[in-house]
Each structure stands twice: as C-alpha cells, then as structure tokens.
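So you can see what is in the structure, the chains are spelled out below.
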Amino acid sequence: MIIELGHYALVLALATALVQAIVPIAGARRGDRALMELASSAALVCALLVAFSFAVLTFAYVTSDFSVRNVWENSHSLKPLIYKISGVWGNHEGSMLLWLLILVFFSALVALFGRNLPETLKATVLAVQAWIAAAFALFILLTSNPFARLIPAPGEGKDLNPVLQDVGLAIHPPLLYLGYVGFSVCFSFAIAALIEGRIDAAWARWVRPWTLAAWTFLTAGIAMGSYWAYYELGWGGWWFWDPVENASFMPWLAGTALLHSALVMEKREALKIWTVLLAIMTFSLSLLGTFLVRSGVLTSVHAFATDPTRGIFILAILVVFIGGAFSLFALRASRLKSGGLFAPISREGALVLNNLILTTATATVLTGTLYPLVLEALTGEKISVGAPFFNMTFGLLMLPLLCAVPFGPLLAWKRGDFTGVAQRLFVAAAVGLVVAAVYYYVMNGGPVLALLGIALGVFLIVGALTDLVLRSGIGKVAGSIAWKRLSGLPRSAFGTALAHAGLGVTLIGIVAVTAFETETVVEMKPGMTVDAGGYTLRFDGMRQGRGPNYTEETGHFTVSRGGVAVTEIWSSKRLYTARRMPTTEAGIRTFGLSQLYVSLGDPMTDGGIVVRVWWKPLILCIWGGALIMMAGGIVSLSDRRLRVGAPTRAKRPARLALGAAE
Amino acid sequence: MTRKQKRLAIIGGGIGFLTAAVLLVMFAFSQAVAYFYVPGDLAKAGLAPGTRIRLGGLVETGSLKRGEGKTVTFNVTDTLGTIPVTYTGILPDLFREGQGVVAEGAFVAGSSVFVADTVLAKHDETYMPKDVADRLKAQGVALGGKENIQ
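Residues numbered from 1 in each chain as written. Chains lettered and ligands numbered in written order. Predicted model: local features only at pLDDT ≥ 70, side-chain atom pairs only at ≥ 80, totals over all residues.

A.B. asks: Whenever I open this one, the overall build of chain B confuses me. Can you help?
C.D. replies: The number of helices and strands found in chain B is three helices and six strands. Reading the helices (α) and strands (β) of chain B from amino to carboxyl end gives α-β-α-β-β-β-β-β-α. When the 150 residues of chain B are sorted by exposure, 32% land in the buried category. Put simply, 54% of the contacts in chain B that link residues at least 6 apart link residues at least 24 apart. (Helix = DSSP H or I, 4+ residues; strand = E, 2+ residues; numbered from the N terminus. Buried ≥ 20, exposed ≤ 12 C-beta atoms within 10 Å, placed from the backbone. Contact = placed C-beta atoms within 7 Å.)

Below, the structure is given as structure tokens:
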C-alpha cells in the first residue's frame, strides 16, 4: 500500500510541476501577482511530494520489500543498512528519482530564499525549473518506474553490484547530482533573462551563489568518484578519461568558466551575452552527461540502463531543452545590451582568457568523448580514445591557463599593468623553482618537465597567497594594521585564493604521481620481500575471512623501513556470494601525503601469489587540492554581498533598466 | 588602443587559440587513438608491427595459462581467427575463459603474438564488451556466458 502511495505522490508531483510550468509564466506576462505567487507554493508542494516518494522507496529498501521489482533487482536482506540505503540510488530508476528530488529541492530553495528577486523573474525561473522537473518526472513514470511490483514476491533479492557496495559510492552520486542539477538553476535564470529580455549586474549577483554552490558540490562529487575508483577498482588509477568521468568533468569545466564570467558581469556589466550562453551550455553539458550515463550508449560500469526507449526519451529531453534554449538564445540575445569596456591586459581580459581556454578545453573533452560514438554510427569503425589523446590535447591547452591563474587576481579592472604584476609574482615564481630544485635533489633526478610541473604548482599556491599578502600589506605596514586589513578583506578574496591554491596542490599531486610513481608486479611466497618507495614489504601469508554477504582471502604484509617494521597492510580478494562476483579490495597505507598500494592477483600453482605494489608519491595532494578548492567555494559563498543579497531595483532604477522596454 | 583595436586583439587572440586547439585535436586523433579489431579482421587489416590496437573477442576455453609466473597467456578468438596474447600483470577480477575480453597493446615485429599492456573485462557479471558483442553477433557466433542475463 505504502509503495502505491509513493507512486501516486510522484504522479501528483508531475501534475504540480505542470501547473508550476504554465501558470506563473502566464502570470508574469499579464502582470497578475496571484498567478506568479503560485510558483513558490507549487515548488514547495512538488518538493514535498517527490521527497515523500523518495522516502517510500528508501523505506522499501530498508525493509527489503522484494515485492518491489527495483528492490529485488538491487538489494539483498543480508546487506548492511548503509548499503541498503545507498542501493536506492545505486541503480537506474532510483538514481533518476534522486536526480528529480535534487532538482525540485533546488526549485524549493529558489522559492524560499528568492524573496528579494523581482517577482516576474522569480516566477519565470521557477516555471523553467518546473519544465525540467515535469520532463524528468514523466521520464521516470513512463520508462523507469521504481515502484513497479513483482508478483509473486521473491524470497530474496539479487544484491547490489558489489563494486557499488562502498561508502564512497554511498556519497558520490548525491554530491555529483547536487552539482549537475544545481546548474539547472543557472540555466533557468538564463532562460528567464532571455524570456524577459532584460539582464543586468544584479542578475549576475543572484546567479552567482547558485553557480558557486553547484560548482562546490560538483568538485566534491568528482573528487569523491575519483578516489572511489582509485581504491575500489584495484587498478591504482585515479582518472581514466572514461566517458562517464568526462560526463561529469565537462559541466565542471564549463561551470568554472561560468563562475568567472559571472564575476565580470557582476562587477563590470560586460560579457552579458556570453554569460547567458555559458549558463545554458553548462546545464546542457549536465543533461548530456545524464544522457551519456543513463542511456547505455556507452558501455561502462555506470551504464545500468540498456533499454533503448529510455535512451530515446532522454535524448528527446536533451534535444528539446538544449535545442529550445539555443533557439531562444539566438532569437533574443540581441536584446541584451552589453557594456563595460576594458583593455586586453586587465582583470576582465584575464577572465576572458580563462573562459576562452576553459571552453576550448571543454570542447576537446567533448570531441574526444563523442567522436568514437559518431565515427561508429557513420562508418562502423570502432576506436578507443583514451588518456594519450586527452593528455595531448586537454593537458597542453590547460598549460597556459595554469601559468596565467596567479596573474588574474592581481590585475586591475579595466586596465592592468602586466609588468607590475609580473614583478609582484617574481617571489612566487622563485619559490616554485627553488622547491623544484630541492625536489630534484631529494629525488636524485627526475624528468625536467615534471620538475617544471611541480614548480608551476608551487607558483600557483604562492601566487594565490601573494594576492592576500599584497592586499593586506603584510611586510609593508605594521602587523596590527595588516591583520586588520586582512580580516577586513571580503570573504570572496579568500575564496579565490583558496580555490587557486587548491588547483596548485592538485597539480603537484598529478605531476608527482605521473612522473615518480613506481609499479612492481611480483610473485610472492610467504617470507619474500619487495621494495617500493623506500619501504620493504614482507609477505606473511594468506588468511580466509567472511563478511555479511561475501567471503574473502586476505594477504598480510609487514611494511618496514631500514629494517624496522613500521606498519602492516592487508589486501584481499572478495567473492560476493549472491552474484558469485569477485572484487579486489586493495591494501592502502598512507605515509604523509604518499601511499603504498597493494593489490592481489592470481594464486600460483606452487603456493605463491602474484602481487602488484605501487608507490604513489604525493597522491593525496590530488584530492586534498580538490578539498581546498571546495573550501574556497564555501568561503566565497559566505561572502557578505551574497549573504545580504543583491540591491533591490528600486534603489538603482536608472542603471538597471538596460533592456528595451517591452 | 581604440575600441576597435581592442576588440580585434581579443578576437584575433581567441581565433588563434581555437585554431591551435583544432590542429592539436586533429593531430591527436591521428596519433593517440587505438582502433578496435577482432581476430577475424586482422588478417586483412595489414597492420604495421607496433601499431597500438584494441583486440576484442572471447577468451578461448582451455587456452588460459596462469599461475606460472607473472606473465599469463591466453587466446582471443572470434571463431574466424585466433590470436595468442601475452600479458604481464594482474588480470581483472572478471576475466574468465569463454567470456568477452578487450586487450590493448601491439604485435611485436616478426611475431604473431599480441603483447597486451591493458586487459579489460568490466565489473559486471553479465557484461560483454559492446564492441565484442556487436562483432560476434554480426558473425553469428553464439555468445558464451550470456544465459544469465535476465
């Protein structure tokens, strides 16, 4: 009964979304306040209905109600509780419901916190959100109903894919979706601006917190997914340029560009049309990502859906929304007036360079991801586009951007002084080179390119701090004054510094792992040793074990340095009993920022076992840097001008009425 | 600089960068992608030794030699042709005889043995690499290990 209620709530949510999609727009057109105000209540009701529906599905998972087909296919009564809950979104139907839940959650947030928005803008934004919500609710109800019953009910479920039974996966999709779907708000704002034919600096200020929040979540989701792949798959890699990874990376790149161009628009009223276009592109890439992952056109661990009707349905959503948005853009963009002149060497110029490079890089990732699909559809030829392609294109294109990052915040608006900034960054560059030289000495050599990469990473970190030092006047004025100035800086300045420094940290991690990691594959019998990263691992033997829904064989290793035992590592192979599926649980030990990574292979006929041992120098920097970037996003979100909100139109009517009057 | 010159500088710089990116992508497509073959195609493909390819097919039943050192050998077959493969390292968890596999690597000059540096058998019991399934279906091969698909 409760299951049917959840199903019914979802149907009601669709109906509410349809009302929310039409009525407020009509209200905004006719200037009818009552109709416009309906948008907020509809958004809240819709969110409650979808939340109820999601809670019902979760309830079915927790109580192992195998009369629900979705639960039977993806759960098992012996599974630990946390994986029963994460199993809700560990499959196609449930993850689409989560997608919808997050979408209506964001609509509800706009309804609740958008009090100071002009009412027509708010009504239109919520209506556009509802178009998306209605499309996805329809998709779920027609092609991917998670509430379908199975009669008679089986006694036991088929279990969740064991690779997905992991804490990382419990958190990864919700974070990723919060990012993906968060960009829908930016999209709705852009569409609303096009419909209204008016856009101004206040618009950019309203869009910015949503962009920042979505970007922060997406950063977290991607980093989490990367770390999950690293420790769970047992291959020791942290990024595979897999189409599914690219699907989440492209909105991140475009979102990063949007974050920067919205800044120009907010401060200088320039790049308006471009910002609207970027907002549309960012969410389009999120939709494309959903399509790639959910339609099954890619073969990957994430491709749960193999039913072609689903693929065609999502493709239709994609075509309608992206095609519609770009048509609207083509029709109405000319109405948006641009303003704000600037010289090529200026803060604006630097942000334009950022946008140019980020969007070009996004385009190369998009090409590399879609080209194999297009080629196969046209000629039947099959190719694989992997890391070598992306390193050669994306890697090279990003290089000038990384070099330019520290310059941006130091340049003045309108017209900047390049030589002056270069002089101020001299210290940062010098520190970078010194660190690289020290690293060279410690490592007893190393490829020059890798050392330059490390130097660039340090340059980014010190360069980001340089901005704070210069703005507070540390070293030039008395300490107390400098401290006062530093604490008086807007939070967004700290956010920028953190995000840029985090980028540097991630870069150092990537370079160090790529250039200095060691990998050894050896056959080992108990008592044998292998060296990695200055440590010695002794294989002590195998042990049988048993978990709630798996059996495992674990190898035990003692790690020593200079003859002294420092720690031990267990690495195991599990066999999940319900699906007869083996998985590798790599043994990982952290030393500072570096890790030893041990995964087990086949047992040998003579009693030994094949062991693969990696030394991963500074690998934690990769995800640590992402955490710092996230912290930057959060600090920036708490900036006063976003907390307090944008100035209301009444205060500055003359400057804000930019569009042609309707 | 006048307004026009500024705009020209920005647009010119943008176009220059985009052109460089397009050239780079085209160059990378000619250099850094691997084509996919099944054993039956290889005889007529006429590959130069050392060309990186992806080889897909089924692991021939009874051909797998493992447990005698770090290097494993097995045959990849599509019934029209069979290619011996060697691989040093740890095979994926789901690697089995009679199941689909994709090996990436190259033929060594003057040898008919394919040396793989990457072996993929993805993490799903019912998984058959799509490339492999399509080619095998096209050649009318009954797929092993597929009966447990619901």
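A.B. asks: Any chance you could explain the overall build of chain A here in plain terms?
C.D. replies: When helices and strands are tallied, chain A shows 22 helices and ten strands. Whereas a compact globule of 662 residues would reach a radius of gyration of roughly 26 Å, chain A reaches 27 Å, a difference of no more than 12%. Each principal axis of the C-alpha atoms in chain A carries an extent, and together these give about 85 × 75 × 55 Å. A burial count over chain A gives 52% of its 662 residues as buried. For chain A, the proportion of contacts with a sequence separation of at least 24, taken over those separated by at least 6, is 75%. (Rg over C-alpha atoms; globule rule 2.2 N^0.38 Å.)

A.B. asks: Mind showing me how you'd approach the interface of chain A and chain B here?
C.D. replies: Reports often express the size of an interface as the amount of accessible area lost when the parts come together. Contact with chain A, which involves 39 residues of that partner, is made by 35 residues of chain B. Those elements that place two or more of their residues in the side of chain A that touches chain B are α12 (347–379), β1 (383–385), α13 (387–404), β2 (518–524), β7 (581–585), β9 (594–603) and β10 (609–616) of chain A. Counting residues per element, the side of chain A that touches chain B draws most heavily on α13(A), which supplies six residues. A class-by-class count of the residues in the side of chain A that touches chain B yields 21 nonpolar, twelve polar and six charged. Pairing of β1(A) with strand β1 (residues 33–37) of chain B, which is carried by three bridges, proceeds in the antiparallel orientation. (Nonpolar A, V, L, I, M, F, W, Y, C, P; charged D, E, K, R; others polar. Pairing = 2+ DSSP bridges.)

A.B. asks: I would appreciate a short explanation of α12(A) in the present structure.
C.D. replies: Spacing of three or four residues puts side chains on the same side of an α-helix, whose turn is 3.6 residues. All names here are of chain A. Over its 33 residues, α12 extends 46 Å from the first C-alpha to the last, a length consistent with the 48 Å expected when each residue adds 1.5 Å. Along α12, the sharpest kink reaches roughly 40°, centred on L370 and followed within four residues by the proline P372. Positive backbone phi, at 80°, marks G380, one or two positions downstream of α12. (Expected span 1.5 Å × (residues − 1). Bend = angle between axes of the 7 residues up to and from the residue.)

A.B. asks: Would you mind showing me how to read the nonpolar core here?
C.D. replies: All names here are of chain A. By size, the foremost hydrophobic cluster in this structure holds 217 residues, and its most contacted members are L100, A133, C186, F189 and A279. In terms of residues, this core owes the most to one element, helix α8 (residues 201–232), which gives 20 residues. Excluding anything up to four places from it in sequence, F189 contacts V125, W203, W206, V207 and A279. (Core = buried A, V, L, I, M, F, W, Y, C linked by C-beta atoms within 7 Å.)

A.B. asks: Mind showing me how you'd approach helix α19 (residues 491–516) of chain A here?
C.D. replies: With 26 residues, α19(A) extends 37 Å between its outermost C-alpha atoms, agreeing within 8% with the 38 Å of an ideal straight helix rising 1.5 Å per residue. Judged by how many residues are buried, α19(A) sits mostly within the fold: 21 of 26 residues are covered.

A.B. asks: Hey, could you run me through the sheet that holds strand β3 (residues 529–532) of chain A in this one?
C.D. replies: The pairing of strands in a sheet happens through backbone hydrogen bonds and is either parallel or antiparallel. All names here are of chain A. Strand order in the open sheet formed by five strands is β3-β4-β5-β6-β7, with antiparallel pairing between adjacent strands. Sheet topology places β3 and β7 at the edges, where each strand pairs with a single neighbour. When the angles between neighbouring strand axes are averaged without regard to direction, this sheet yields 30°. The sheet contact formed by strand β6 (residues 564–576) and β7 spans five bridges and is antiparallel. Looking at β7, one finds that R574 is bridged to T583. (Axes fitted to C-alpha atoms, helices over the stretch in contact; angles between N-to-C directions.)

A.B. asks: Explanation requested: the sheet that holds β9(A) in the structure shown.
C.D. replies: Residue and element names in this part refer to chain A. Ordered by their spatial adjacency, four strands build an open sheet running β2-β10-β9-β8, and the pairing between neighbours is antiparallel. Across the chains shown, the open sheet's two edge strands, defined by having one partner strand only, are β2 and β8 (587–591). The sheet shows a mean angle of 20° between the axes of neighbouring strands, direction not considered. Relative to β10, β9 runs antiparallel, the two sharing seven bridges. Across the sheet, Q595 pairs through a bridge with K616, a residue of β10.

A.B. asks: Which parts of the structure should I look at to understand unusual backbone geometry?
C.D. replies: As a rule of thumb, non-glycine residues mostly have phi less than zero, and peptide bonds are mostly trans rather than cis. All names here are of chain A. Geometrically, the link from I151 to P152 is a cis peptide bond, its omega value of 0° lying close to zero. Secondary-structure assignment places P152 in the loop between α6 (119–143) and α7 (167–196). The backbone of K414 shows a phi angle near 70°, a positive value even though the residue is not glycine. In this structure, K414 sits in the loop between α14 (407–410) and α15 (418–424). In this model, L618 sits at a positive phi of 55°, which is unusual for a non-glycine residue. Positionally, L618 belongs in the loop between β10 and α20 (620–637). You can call L618 buried: it has 23 C-beta atoms within 10 Å.

A.B. asks: Explanation requested: the pairing of β6(A) in the structure shown.
C.D. replies: For a regular strand, side chains alternate in direction, first toward one face of the sheet and then toward the other. Residue and element names in this part refer to chain A. Relative to β6, strand β5 (residues 550–561) runs antiparallel, the two being bridged by twelve bridges. Bridging from a neighbouring strand, S560 pairs with A565 of β6. Here β6 hands over to β7 after four residues, with R580 in that stretch at a positive phi of 50°.

A.B. asks: Where do I start with the pairing of strand β4 (residues 535–546) of chain A in this structure?
C.D. replies: All names here are of chain A. Pairing between β3 and β4: four bridges, direction antiparallel. For V530, the partnering residue across the bridge sits in β4 and is L537. Judged from the ten bridges that link them, β4 and β5 form a sheet pairing that is antiparallel. Of the residues in β5, the one forming a bridge with M542 is G555. Counted along the chain from β4 to the antiparallel partner β5, the turn is three residues long.

A.B. asks: What exactly am I supposed to notice about the confidence of the model for chain A here?
C.D. replies: The predicted structure's coordinates, where accompanied by low pLDDT, should not be read in detail. Residue-level pLDDT values for chain A average 87, and 94% of them are 70 or greater. Low pLDDT (under 50) marks residues 646–662 of chain A, which in the prediction has 23 contacts with non-local residues, meaning those over four places away or in another chain. (pLDDT = per-residue confidence, 0-100.)

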